[in-house]
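# Structure assessment
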Amino acid sequence: MKRIVLLLIVVIICSCQGNKKHEEGNSQMQKVMAIHDEVMPKMGTLGKLVSQLKDKVDTTATGKQYQQAMKDLQKSNSAMMDWMKGFGDRFDSDEILNGKELTPEKQAWLDEEEVKVKALKEQINTSIANAEKLLAEPEK
């Protein structure tokens, strides 16, 4: 149920992107959302890779590598869901989509969220790259 609510939030945010006011320059909120929009489509890749790895997990050393890669992908997926929930709890749609001015407290939060989403992007990209590399290696 929690994932459905989070997915709904993402769909609403993405579908409303077209309604965003076009301001000159690139605001910090737009940069944060651009990073989100860049990595969100990779959630499907995470799921596919988990499925591919799941069949290869066993008690061998290589099987344990597959298991660790699978856990890293699942952790990345959970991190994305947690970030979106936390971000949605901190900012309203006018702030996210329409450039509504932020209070000093919310500006500090946005600074934190920018750091978090950049780390999230790195986590997702790394977990995907590691899994794809492991799956591309010939089985021993």
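Calculation criteria
Each chain has its residues counted from 1, running along the sequence as written. Residues qualify for local features only when their pLDDT is at least 70, as the model is predicted, and side-chain atom pairs are given and counted only at 80 or more; totals for whole chains, interfaces and linings, by contrast, use all residues. Values reported for side chains reflect all heavy atoms of the structure, with hydrogen atoms and water molecules removed beforehand. For the purposes of this entry, the term helix denotes a DSSP run of H or I that reaches at least four residues, the term strand denotes a run of E that reaches at least two, and both are numbered from the N terminus. Exposure is judged per residue with a 1.4 Å probe applied to protein chains only, and the accessible area is read against the type maximum: over 50% gives exposed, under 20% gives buried, and values in between give partly exposed. All accessible-area figures derive from a Shrake-Rupley calculation using a 1.4 Å probe, and residue coverage is judged against the displayed protein chains alone. Stacked, edge-to-face and tilted labels apply to pairs of Phe, Tyr and Trp rings (six-membered ring for Trp) whose centres lie within 6.5 Å, assigned for plane angles under 30 degrees, over 60, and everything in between, in that order. Convention adopted: a line fitted to C-alpha atoms gives each axis, helices being fitted over their contacting stretch, and angles between N-to-C directions are expressed from 0 to 180 degrees. Should an angle lie under 35 degrees it is considered roughly parallel, over 145 roughly antiparallel, and from 65 to 115 roughly perpendicular; all remaining angles are considered oblique. In this scheme the handedness of a crossing depends on how the near helix is turned from the far one: anticlockwise by less than a right angle means left-handed, clockwise means right-handed. In what follows, residue pairs with any heavy atoms lying within 4.5 Å of each other are defined as contacts. Amino acid classes used here: Ala, Val, Leu, Ile, Met, Phe, Trp, Tyr, Cys and Pro are nonpolar; Asp, Glu, Lys and Arg are charged; the rest, including Gly, are polar.

Let us look at the overall build of the protein chain. Assigned secondary structure in the protein chain consists of six helices and zero strands. Each helix (α) and strand (β) of the protein chain, taken in turn from the N terminus, gives the series α-α-α-α-α-α. In the protein chain, which comprises 140 residues, the share counted as buried stands at 33%. When the accessible surface of the protein chain is split by element, carbon and sulfur atoms take 55% of a total near 8,600 Å².

Following the criterion strictly, the structure yields two aromatic pairs and no others. Measuring from centroid to centroid gives 4.8 Å for tryptophan 83 and phenylalanine 87, while their planes differ by 25°, and the two rings are stacked. Of the two residues, tryptophan 83 and phenylalanine 87 are both situated in helix α4 (residues 61-90); the distance of four residues between them amounts to about one turn of the helix. In this structure, tryptophan 83 and phenylalanine 87 share a single accessibility class: buried. Here phenylalanine 87 and phenylalanine 91 contribute two aromatic rings whose centre-to-centre distance is 4.9 Å and whose plane-to-plane angle is 40°, an arrangement assigned as tilted. Phenylalanine 91 matches phenylalanine 87 in its accessibility class, with the two residues each being buried.

Attention now moves to the packing of helix α2 (residues 28-39) against helix α6 (residues 104-136). At a closest axis distance of 10 Å, the pairing of α2 and α6 adopts a crossing angle of 25°. The angle between α2 and α6 places the two elements in the roughly parallel class. The crossing of α2 and α6 is left-handed. Between α2 and α6, the contacting residues are Gln28, Met29, Val32, Ile35, His36, Glu38 and Val39 on the first element and Gln107, Leu110, Asp111, Glu114, Val117, Lys118, Lys121 and Ile124 on the second. Class assignment of the residues belonging to the contact of α2 with α6 gives a composition of seven nonpolar, three polar and five charged.

It is worth spelling out the packing of α2 against α4 at this point. The geometry of a pair of packed helices is captured by two quantities: the angle between their axes and the separation between those axes. Following both chains from N to C, one finds α2 and α4 inclined at 150°, their axes separated by 12 Å at the closest point. In terms of orientation, α2 and α4 fall into the roughly antiparallel class. In this structure, α2 meets α4 at a crossing whose hand is left-handed. Side by side, α2 and α4 meet where Met29, Val32, Met33, His36 and Val39 of the first sit next to Met80, Trp83, Met84 and Phe87 of the second.

Here lysine 48 lies in helix α3 (residues 43-54). Spatially, the C-alpha atom of lysine 48 lies 10.0 Å from that of leucine 73, the residues being 25 residues apart in sequence.

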